[in-house]
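One-letter residues, chain by chain:
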Amino acid sequence: MSYSSKPKFLTYPEATRAFANEDVREDINDACARLGQAMSKMMDRFDSVAKQMHTLDLQRLAAPLKPRWDALSKEFRELLWQYRNNAGFISGRLKMFCTSVLPIAARNLSGRSRQSYEETVKVLQAFMSISAEHAALTRTLLDRAVAFLHQMVAFHAELAKLVSRQSASGQKEIYELAVKLADLEAQVGQICILNLEVPRPDVTHVTFSTFKIVSSSGRRPGRSKIPQQRMALSEDLGKLTQAYQGLESRKNEFVHAQYSAQVRTPQANYLGLPQMAIAPLVCDLMLSLENSLGLFLSIWARLKIDCSDILQWISTPAPTGMPLVFAGYQECGPALYVTLANALDSCVSNIDPNAITQGTSS
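Please read these numbers as outputs of a predicted model, since none were measured by experiment. (Residues numbered from 1 in each chain as written. Predicted model: local features only at pLDDT ≥ 70, side-chain atom pairs only at ≥ 80, totals over all residues. Heavy atoms only, no water.)

(A) Structural detail: the packing of helix α6 (residues 204-216) against helix α8 (residues 272-314). Direction vectors running N to C along α6 and α8 enclose 155°, while the axes themselves pass 8 Å from each other. As judged from the angle between their axes, α6 and α8 are roughly antiparallel. Of the two possible hands of crossing, α6 and α8 adopt the one that is left-handed. Contacts from H205, V206, S209, T210, K212, I213 and S216 of α6 reach α8 at E290, N291, G294, L295, S298, I299, A301 and R302. Looking at the contact of α6 with α8, its residues break down into five nonpolar, seven polar and three charged. (Axes fitted to C-alpha atoms, helices over the stretch in contact; angles between N-to-C directions. Helix = DSSP H or I, 4+ residues; strand = E, 2+ residues; numbered from the N terminus. Parallel < 35°, antiparallel > 145°, perpendicular 65-115°, else oblique. Left-handed = near helix turned anticlockwise from the far one by under 90°. Contact = heavy atoms within 4.5 Å. Nonpolar A, V, L, I, M, F, W, Y, C, P; charged D, E, K, R; others polar.)

Here it is in structure tokens:
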């Protein structure tokens, strides 16, 4: 595979071949495993902040903050449980598509009969109906995640006001950090809505979402070149491209504000330290959820389009050409969806369900 610094638009055949490459698959699996680990480790970060909240409450400077933080921590664990289940549901649908739906539908390429037509339509419609129900669960997860992030940002803003009132210096930096975190939240929310409302995205939607996780994993990919390539969305997804460009700007602004606030916060400041711990936690949580939800939504969109294309093709008496998913299947098998299913499994396997339930029951 050639490597270029220019953004690349993958066509459907190119995406299928890329996802069939073992090195690419390994990089995607590794990145999704790291995503699962990062989501899981956030439980420890919530627990660490809880101890700081307890120390802060002992000063009796305001109404107790730890009970509210504990409620946020409990909500996060419930959200993480829902997140883990959602990834598993998507993986299960993809596996069924690869092992049952796609092979049955592909039989019609070599010749049609009334029996094969009826069987394919029946299987496809049933599969699409159940998949739509599961996709609705992802939309519910998105709504809950966006609402939770808003609560976290609001808590940080309230803490920032308390810190600012009690601090002799750095009030401007403390305020600016809260503002930039809110700006980042707004940008993430916009991207989530755009990913949800894309009417009929091409394959760049799912490839961009997948390789974005690879580039965000904090580890340079292995031998494969595709994940190192800067992937791009097609021109039809221009609004989403602009939103992601805005996200990069908001991230940079937040990092700058965080550094400025840290410089002005003494290491022994029991007021400022919790804020310095919460701000990056919320930022990391936002970006991890945005990465994940972008992938989940793009997978559902791709799966719906491919199923609809097959249904339309098989229902046409004399179709010309074939659906792109069939062309990819003939060349590389169900590589696109197998790779995505395995990647989701890697993410799920790195989120310990026992750790989640132990926290919610305590």
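(B) Expanded view of the pattern of salt bridges. This model, assessed by the stated rule, comprises 20 salt bridges. Among the salt bridges present, the one from R45 reaches D284, with a minimum N-O distance of 2.9 Å. In this pair, R45 is assigned in helix α2 (residues 22-57) and D284 in helix α8, connecting sequence segments 239 residues apart. You can call D284 partly exposed: its relative accessible area is 30%. Close ionic contact of E118 with R114 constitutes a salt bridge, the shortest N to O distance being 3.1 Å. One end of the pair is E118 and the other is R114, both in helix α4 (residues 114-166) and four residues apart, which spans about a single turn. Shared partners join several salt bridges into a network, and the residues in it are K74, E75, E78 and R144. (Salt bridge = Lys/Arg side-chain N within 4 Å of Asp/Glu carboxyl O. Buried < 20%, exposed > 50% of the residue type's maximum accessible area, 1.4 Å probe, protein only.)

(C) How the structure looks around the side chain of R93. Its location among the elements puts R93 in helix α3 (residues 66-106). This buried residue, R93, is left without a salt bridge; E133 holds the nearest opposite charge, at 8.4 Å. In contact with R93, other than residues within four places in its own chain, are F127, I130, S131, H134 and W300. (Lys, Arg positive; Asp, Glu negative; His and termini not counted.)

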